[in-house]
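Structure at a glance
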Amino acid sequence: MKRTEHFNAAAAEELYGLNRWGNGYLGAGADGHLQVYPDALPERAIDVQAVVEELARRGFGTPVLLRFPQLLAGQVASLSTAFDRAMEEFDYPGGFHPVFPIKVNQNRPVVEALLQSGWSHSLGLEVGSCPEMLAATSLALPPDALTICNGYKDAGYLDAAALAARLGRKIVVVLEKPFELDAYLDMARRQEVVPLAGIRIRLQARGSGLWEKSGGVASKFGLGTAQLLDAIERLRQGGLEKKLVLLHFHIGSQVTEIRRIKQAVREAARIYAKVVRLGVGLQYLDVGGGLGVDYDGSRTSSDASMNYTVQEYANDVVYAVKEVCDQEGVPAPRLISESGRMLTAYHSMLVTDVRASVKGFGGDTSPEIENEESMEIRDMGETASGITVKNYREFYHDALEYRERLASAFDLGLLTLRQRARGEELFWTIVRRAVRFSRAAKFRGEEFVELEKKLHEKYVCNFSVFQSLPDHFSLDQLFPVVPIQRLNERPMLRASLADITCDSEGEVEKFVHPREEKEALEVHDLRPGEPYRIAFLLLGAYQDALGDLHNLFGRVHEADVVLDANGEARIREVRPGESAGDTLAAFGFTRAVLVEGLQSALARQIKAGQLDREQAEELLAAYRSRLETYTYLS
Ligand SMILES: *Cc1c(COP(=O)(O)O)cnc(C)c1O
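Source: prediction; values computed, not measured.

**So, the overall build of the chain**
Across its full length, the chain holds 22 helices and 21 strands. Its C-alpha atoms give the chain principal-axis dimensions of roughly 100 × 75 × 55 Å. In the chain, which comprises 634 residues, the proportion classed as buried is 53%. For the chain, contacts bridging at least 24 residues in sequence account for 75% of all contacts bridging at least 6. For the chain, the exposed surface amounts to about 28,600 Å²; the carbon and sulfur share of it is 50%. Positive and negative side-chain charges of the chain, numbering 74 and 90 respectively, have mean locations separated by a distance of 3 Å.

**Looking at the site of the ligand**
Taken together, 17 residues lie around the ligand, and Lys103, Ser253, Glu338, Gly340 and Tyr542 are the ones closest in. Within the side chain of lysine 103, an N or O atom sits 2.6 Å from an oxygen atom of the ligand. Its free accessible area being 390 Å², the ligand has 91% of it covered by the protein chains. Of the residues in the shell around the ligand, the class split is three nonpolar, nine polar and five charged.

**Concerning the domain arrangement of the chain**
Per the domain assignment, the segments of the chain are domain 1 (9–56), domain 2 (94–99 + 126–338), domain 3 (375–453) and domain 4 (581–627). Here the C-alpha centre of domain 2 lies 38 Å away from the C-alpha centre of domain 1.

**Brief notes about the sheet that holds strand E5 (residues 96–101)**
On the basis of which strands lie adjacent, the closed barrel formed by eight strands has the order E5-E6-E7-E8-E9-E10-E11-E12 and parallel pairing. Across the sheet, the mean angle separating the axes of adjacent strands is 25 degrees when strand polarity is ignored. In this sheet, strand E10 (residues 244–248) lies alongside strand E9 (residues 196–200) in parallel orientation, the contact comprising four bridges. Pairing of alanine 197 across the sheet is with leucine 244, part of E10.

**As for the state of the cysteines**
Using the criterion set out here, one finds zero disulfides in the structure. The thiol of cysteine 461 is not disulfide-bonded; the next cysteine sulfur, from cysteine 502, is found 16 Å away.

**Structural notes on the packing of helix H10 (residues 258–277) against helix H11 (residues 310–328)**
Helix-helix packing is described using two parameters, namely the angle between the two axes and the distance between the axes. Contact geometry of H10 with H11 gives a least axis separation of 9 Å together with a crossing angle of 30 degrees. By the criterion of interaxial angle, the relationship of H10 to H11 is roughly parallel. Both H10 and H11 take part in a crossing whose hand is right-handed. Across the interface between the two elements, Ile258, Ile261, Lys262, Val265, Arg266, Ala269, Arg270, Tyr272, Ala273, Lys274 and Arg277 from H10 touch Glu312, Tyr313, Asp316, Val317, Ala320, Val321, Val324, Cys325, Gln327 and Glu328 from H11. When grouped by side-chain class, the residues that make up the contact of H10 with H11 number twelve nonpolar, one polar and eight charged.

**A closer look at the nonpolar core**
Leu34, Leu66, Met349, Leu497 and Phe536 are the most contacted members of the largest nonpolar core, which has 158 residues in total. Among the domains, domain 1 (9–56) and domain 2 (94–99 + 126–338) are the pair contributing at least three residues each to this core.

**A short note on the pairing of E9**
The buried fraction of E9 is high, at four of five residues. Taken together, the four bridges between strand E8 (residues 170–175) and E9 define a ladder with parallel strand orientation. Looking at the pairing, valine 174 lines up with glycine 198 of E9. What joins E8 to E9 is helix H8 (residues 180–190), and the crossover it makes is right-handed.

**A look at the environment of glycine 198**
Following the sequence through the fold, glycine 198 ends up in strand E9. Residue classification places glycine 198 among the buried positions, given a relative accessible area of 0%. C-alpha separation for the pair glycine 198 and alanine 356, spaced 158 residues apart in sequence, amounts to 55 Å.

**Concerning the pairing of strand E13 (residues 348–358)**
Alignment of strand E4 (residues 64–67) against E13, held across four bridges, turns out to be antiparallel. Paired with leucine 66 across the two strands is methionine 349, which belongs to E13. The pairing of E13 with strand E19 (residues 533–536) spans four bridges and is antiparallel. Paired with valine 351 across the strands is alanine 535, a residue of E19.

What counts, and where the lines are drawn
Residues numbered from 1 in each chain as written. Predicted model: local features only at pLDDT ≥ 70, side-chain atom pairs only at ≥ 80, totals over all residues. Heavy atoms only, no water. Helix = DSSP H or I, 4+ residues; strand = E, 2+ residues; numbered from the N terminus. Buried < 20%, exposed > 50% of the residue type's maximum accessible area, 1.4 Å probe, protein only. Contact = heavy atoms within 4.5 Å. Areas by Shrake-Rupley, 256 points an atom, 1.4 Å probe, with all protein chains shown as cover. Lys, Arg positive; Asp, Glu negative; His and termini not counted. Charge placed at Lys NZ, Arg CZ, Asp CG, Glu CD. Near = heavy atom within 4 Å. Polar contact = N/O pair within 3.5 Å; in protein donor to acceptor, adjacent residues only side chain to side chain. Nonpolar A, V, L, I, M, F, W, Y, C, P; charged D, E, K, R; others polar. Domains from an automatic or database assignment. Pairing = 2+ DSSP bridges. Axes fitted to C-alpha atoms, helices over the stretch in contact; angles between N-to-C directions. Disulfide = S-S within 2.5 Å. Parallel < 35°, antiparallel > 145°, perpendicular 65-115°, else oblique. Left-handed = near helix turned anticlockwise from the far one by under 90°. Core = buried A, V, L, I, M, F, W, Y, C linked by side-chain atoms within 4.5 Å. Right-handed = clockwise from strand over helix to strand, strands pointing away.

This is the structure in structure tokens:
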């Protein structure tokens, strides 16, 4: 084994990939602590371990979700700057209007932080439902910022949009299904101020990656060419042709290949130009979302990555639209981006603590055998003591056979439980030794490579995959994972991470790696009495909105952390996570119902003489106070 002196923070950044997927925001300090760089400058760092310890002192233990609002500002600036640069480079006359799709993260502190940092870029909002519209209407936006309304629209949603338009907002209702046109025309008859209209077009081009289905001719949304022409005609007849100012498309989230984006933009720009040439006064082309996040740092078109940069994306969008519009001789549109994942993914991380290590397959035991009657166990013991670098392959195959024989003997009732246990112990000792010897071998069989993968530890972490990493269990999406301490110390173990739900899906067994997925994460040994904490990163997009209450594990504590001008990290706001009483109430087990149930059970025990009144009161008080505790392990 290599000496720990050769390992340092830079080696940890390389090993875990912080320098590849961190986008300049993450790194390891010389003290081995995970650090966040709010301005992407390593000299101005937030020490994550120190923040977590401060929160614990204040009574907010792990799991805790840390939000870094300055990273939201960094991403807004990065998107706008990329488009500004591209427009300058290609001499693009239209403007750029980012809107934040609120479904990506509806938490008020997140939306407000984004709007604040996006103010100078006139960041607007994209909403996909009436409730999201109601939220957007209540938020302060810059005067020229847009609110784009997507999603299924009924009269109620459209009236809510008209209400916002009456407040002087720039509202664009995007018609994405033919029947929404009637609803829009009806609303226009009812309302004094009619919001602007857009049309979502259905493209041939589709995205790539896990969300590819959202685009293409068979997608759930968008008008085909004939429907588009029909819609224009009907708006004309209704006297609302002037309201139509925007064309929109969205080919799905996390588009992994730039080629797909170029194709879609070219196709959409062509449709835009042709519609303008029909005499419709369009002004905006909305290119939707889909701008990827490089979760695994590979810069490839793998599902967890993307084969382009933000600047390349902006360049390709701007260039393609300009080229098509020049050809068609129509003015270039103002461009709208609905990128949400790219804006929010980086800003939050979940920190959890490892509670226990479950060794799946026993450790290395002594092969000594005394007074053993079972021949299989004696054989197993001899194999374990005799295995060497020369014979490991053969001895391992022998052990497989002895194990079969042991199993049959146990089935026939010939072995005690103690003997069975001894046999299992010896078998895994042989496996460990065989794997160790195989590493020294010149030609290492695939068999031993596979075997080694099974030998890692399982660390049980205080969190719920279902609450905090929903896309991991539903879509197998990978998120980077890193210990937050001891990053200056070589991790000598490998572990998969299990959560505390009783669902076998509640486990993380795939980890990011630039070339291949890893089944286990490099971790350090657990030291008694010393917390060992692990962070799941890049959780800011979609995970907050989709998390569920599996096993009634609820929302985790949250803290907003900023770095001030003096370089001091400040915990700006802490929002306590849900209590057991809160998550129970979400399913009808309100506190009143629960307490009433307990009281009748207590009354029966009192009546039966099993409890006196005082004891019953104590139990009730204990139950009540349990309801107010955090749903996770304390
Ligand atoms: C979800 C969604 C987005 C956001 O996509 P990202 O990939 O997160 O940028 C944008 N527009 C529409 C219409 C969407 O449904």
